[in-house]
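Spelled out from the first residue to the last, the chains are:
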There are 4 protein chains.
Amino acid sequence: MKEEKVSRFSVSVPGKLLKELDAMIKQKGYSNRSQAIADMIKDHLVEHNEKLGKKEIAGTITLVYDHHKSHIQATLTDTQHEYHDCIISTVHVHLDHDNCLEVLIVKGMADVIRKIADELIACKGIKHGKLTVTTTGKDIPS
Amino acid sequence: MKEEKVSRFSVSVPGKLLKELDAMIKQKGYSNRSQAIADMIKDHLVEHNEKLGKKEIAGTITLVYDHHKSHIQATLTDTQHEYHDCIISTVHVHLDHDNCLEVLIVKGMADVIRKIADELIACKGIKHGKLTVTTTGKDIPS
Amino acid sequence: MKEEKVSRFSVSVPGKLLKELDAMIKQKGYSNRSQAIADMIKDHLVEHNEKLGKKEIAGTITLVYDHHKSHIQATLTDTQHEYHDCIISTVHVHLDHDNCLEVLIVKGMADVIRKIADELIACKGIKHGKLTVTTTGKDIPS
Amino acid sequence: MKEEKVSRFSVSVPGKLLKELDAMIKQKGYSNRSQAIADMIKDHLVEHNEKLGKKEIAGTITLVYDHHKSHIQATLTDTQHEYHDCIISTVHVHLDHDNCLEVLIVKGMADVIRKIADELIACKGIKHGKLTVTTTGKDIPS
């Protein structure tokens with residue numbers, strides 16, 4: 001079994017901040033500070049990599065809309081098929097008689113993913129849209 | 001101005017993660033690790049303290065992990081079944097031989113959803129996890 | 001043995017489909033189209049007459065279609081929202097520039113599920129549709 | 001707009017069968033016999049192509065199991081990752097505290113898909129499993 005090398009370093013933060021950190025860690029159910037800090041670092045790495053553009057990312061695009069709005073479905077589908085290489089699959093949940101929650105699962109170059117998200121979220125009739133970026137897992141140790 | 005008390009603590013993270021952290025810190029222009037870590041903590045506190053409370057939301061919980069990590073799947077599934085009333089469905093994408101992308105589509109009271117997300121993201125072995133909150137569409141006109 | 005009355009009727013299908021039908025008939029060793037079509041009808045009657053009735057089932061409805069076909073998406077979505085209580089979620093895969101694979105995950109009374117499937121599969125423009133019935137797991141020991 | 005060529009042919013079937021066909025067509029909501037017969041032909045073509053093996057198909061593999069059964073999840077995931085090139089995504093629905101409905105959306109050569117399905121359905125602990133075959137849409141007119 002491959003043993004992963006662990007690095008140790010020390011951090012200085014305002015006392016009040018450390019207290020608040022410890023309270024949050026406890027509420028979130030982490031067993032120690034290192035694991036919580038590691039998760040924060042990963043979260044910021046993911047976001048940072050997305051901003052750099054030329055890196056492969058995975059993620060989701062979440063859209064809420066009323067499917068009765070004229071043309072919205074045709075527009076969303078046309079856009080999605082244009083980029084079908086980056087869209088692994090789309091889950092559609094019928095929230096109620098009118099409202100749809102659509103979650104696209106995407107993988108591709110960060111700048112292309114951002115472009116798809118911008119295009120979809122800007123569609124007339126979208127109530128709320130959001131791009132959530134994560135890692136493809138290759139560049140982040142667990 | 002009152003001098004604020006500084007607390008010092010040490011953190012252990014995988015060596016590879018520390019290397020990537022240092023590269024990001026340099027690119028972002030921080031003068032030292034402590035300042036960068038402090039900013040990350042503040043960022044997460046802001047998100048954590050956002051009042052979600054007793055409101056029905058829809059959303060997604062995105063998780064990336066290596067399915068070979070011991071017990072991670074059993075742990076994730078057990079937690080999800082505990083809250084099966086709030087989890088509409090979970091999409092699992094096999095990114096490569098090791099890495100999994102799991103997207104839970106959730107609907108329920110905001111504080112419960114937050115709790116589920118916290119519990120899942122804190123699981124040992126999760127490379128990256130994120131809660132994305134959106135509307136159920138009822139309270140937002142399109 | 002009583003001689004059975006034979007009825008004759010004419011059918012119009014896309015030319016390409018007829019060509020593929022004839023190739024399949026030949027491979028299967030049928031001596032004429034009527035015999036092959038009669039067997040298909042019997043096959044579908046058996047499936048249709050299967051008593052599903054008042055029992056809770058889980059299952060999937062699989063649909064393949066060209067999203068460019070006029071109104072098909074609006075029709076499918078309207079039907080799905082009518083029955084949103086029985087449709088847990090719908091996964092949409094963009095197979096290529098034109099073709100969509102849509103998988104509805106359903107749970108409900110067998111006769112209602114059958115009705116939803118029939119309605120969706122009969123939509124003009126559906127290339128292929130199929131209801132797959134499975135158990136909710138409650139009545140089957142593992 | 002491309003006009004698709006329509007072919008007309010006549011069919012002779014036992015009178016009783018035609019009557020039953022017409023009753024089924026009406027119950028299923030088809031607007032005419034030709035559309036219903038076309039759908040039956042497509043259904044049989046899809047099945048026939050699957051049996052031929054060396055043809056690209058799309059489809060779903062539906063599995064119901066109790067996630068508490070020892071090792072079942074690890075086994076299912078390991079098998080799925082082995083074939084991750086053919087599995088577009090897997091939707092997992094938490095039916096209740098114990099039972100899981102897992103739907104794999106697959107695309108690939110018919111014989112490989114069949115092999116994956118056989119391997120998964122044979123796993124100890126699966127309550128019910130089913131391969132549903134459909135078209136990739138390329139070879140079937142709408």
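This write-up is about the structure you can find in this document. The model shown is predicted, which means the values in this text are computed figures rather than measured ones. (Residues numbered from 1 in each chain as written. Chains lettered and ligands numbered in written order. Predicted model: local features only at pLDDT ≥ 70, side-chain atom pairs only at ≥ 80, totals over all residues. Heavy atoms only, no water.)

Here we come to helix α1 (residues 15-28) of chain A. If you check α1(A), its first and last C-alpha atoms are 20 Å apart, about what 14 residues at 1.5 Å a residue would give, namely 20 Å. Along α1(A), the residues classified as buried are A:G15, A:L17, A:L18, A:L21, A:M24, A:I25 and A:K28. Packing partners of the buried residues in α1(A) comprise β1 (6-14) and α2 (33-52) of chain A together with β1 (6-14), α2 (33-49) and α4 (110-121) of chain B. In the segment just after α1(A), A:G29 is the residue with positive phi, at about 90°. (Helix = DSSP H or I, 4+ residues; strand = E, 2+ residues; numbered from the N terminus. Expected span 1.5 Å × (residues − 1). Buried < 20%, exposed > 50% of the residue type's maximum accessible area, 1.4 Å probe, protein only. Contact = heavy atoms within 4.5 Å.)

The antiparallel open sheet is built from 8 strands, whose spatial order is β5(A)-β2(A)-β4(A)-β3(A)-β3(C)-β4(C)-β2(C)-β5(C). Of all strands in the sheet, those with a lone pairing partner are β5 (126-134) of chain A together with β5 (126-134) of chain C, marking the two edges. With direction set aside, neighbouring strand axes in the sheet form an average angle of 15°. Sheet analysis places strand β2 (residues 56-66) of chain A next to β5(A), joined by 8 bridges and oriented antiparallel. Bridging across to β5(A), A:L63 finds its partner in A:G129. Of the strands in this sheet, β2, β4 (99-109) and β5 of chain A touch helix α4 (residues 110-121) of chain A, which is tilted by about 160° from β4(A). Packing of helix α3 (residues 72-82) of chain C onto the sheet brings it into contact with β3 (87-94) and β4 of chain A together with β2 (56-66), β3 (87-94), β4 (99-109) and β5 of chain C, and relative to β2(C) it is tilted by some 170°. (Pairing = 2+ DSSP bridges. Axes fitted to C-alpha atoms, helices over the stretch in contact; angles between N-to-C directions.)

So, on to the interface of chain B and chain A. At the junction of the two partners, chain B supplies 69 residues and chain A supplies 70 residues. Interface area, chain B with chain A, both sides summed: about 6700 Å², of which 64% is carbon and sulfur. Where chain B meets chain A, there are 2 salt bridges. The partner of A:D43 in a salt bridge is B:K130, and the shortest N-O contact between them spans 3.0 Å. Counting the contacts that link chain B with chain A gives 28 residue pairs in polar contact (both at pLDDT 80 or more). When residues of the side of chain B that touches chain A are traced back to their parent elements, those giving at least two are β1, α1 (15-28), α2, β2 (56-66), β3 (87-94), β4 (99-109), α4 and β5 (126-134) of chain B. With 11 residues, the top contributor of residues to the side of chain B that touches chain A is α2(B). Residues that form the side of chain B that touches chain A fall into these classes: 30 nonpolar, 21 polar and 18 charged. Direction of pairing for β1(A) relative to β1(B): antiparallel, over a ladder of 9 bridges. By the bridge assignment for β1(B), A:S7 is matched with B:V13. (Buried area = accessible area lost by both parts, 1.4 Å probe. Salt bridge = Lys/Arg side-chain N within 4 Å of Asp/Glu carboxyl O. Polar contact = N/O pair within 3.5 Å; in protein donor to acceptor, adjacent residues only side chain to side chain. Nonpolar A, V, L, I, M, F, W, Y, C, P; charged D, E, K, R; others polar.)

Glancing now at the pairing of β3(A). Residues and elements named next belong to chain A. By the criterion of burial, β3 is predominantly enclosed, with 8 of the 8 residues buried. The pairing of β3 with β4 spans 7 bridges and is antiparallel. Residue pairing for β4: S89 is matched across the bridge by I105. Where β3 folds back on β4, the antiparallel hairpin that results is connected by 4 residues.

We now examine the environment of A:G137. Residues and elements named next belong to chain A. Within the secondary structure, G137 is located in the segment after β5. A residue is classified by how much of its surface remains accessible, and G137, at 1% relative accessible area, is buried. Each C-alpha atom, one on G137 and one on I57, is 8.8 Å from the other, the two residues being 80 residues apart in sequence.

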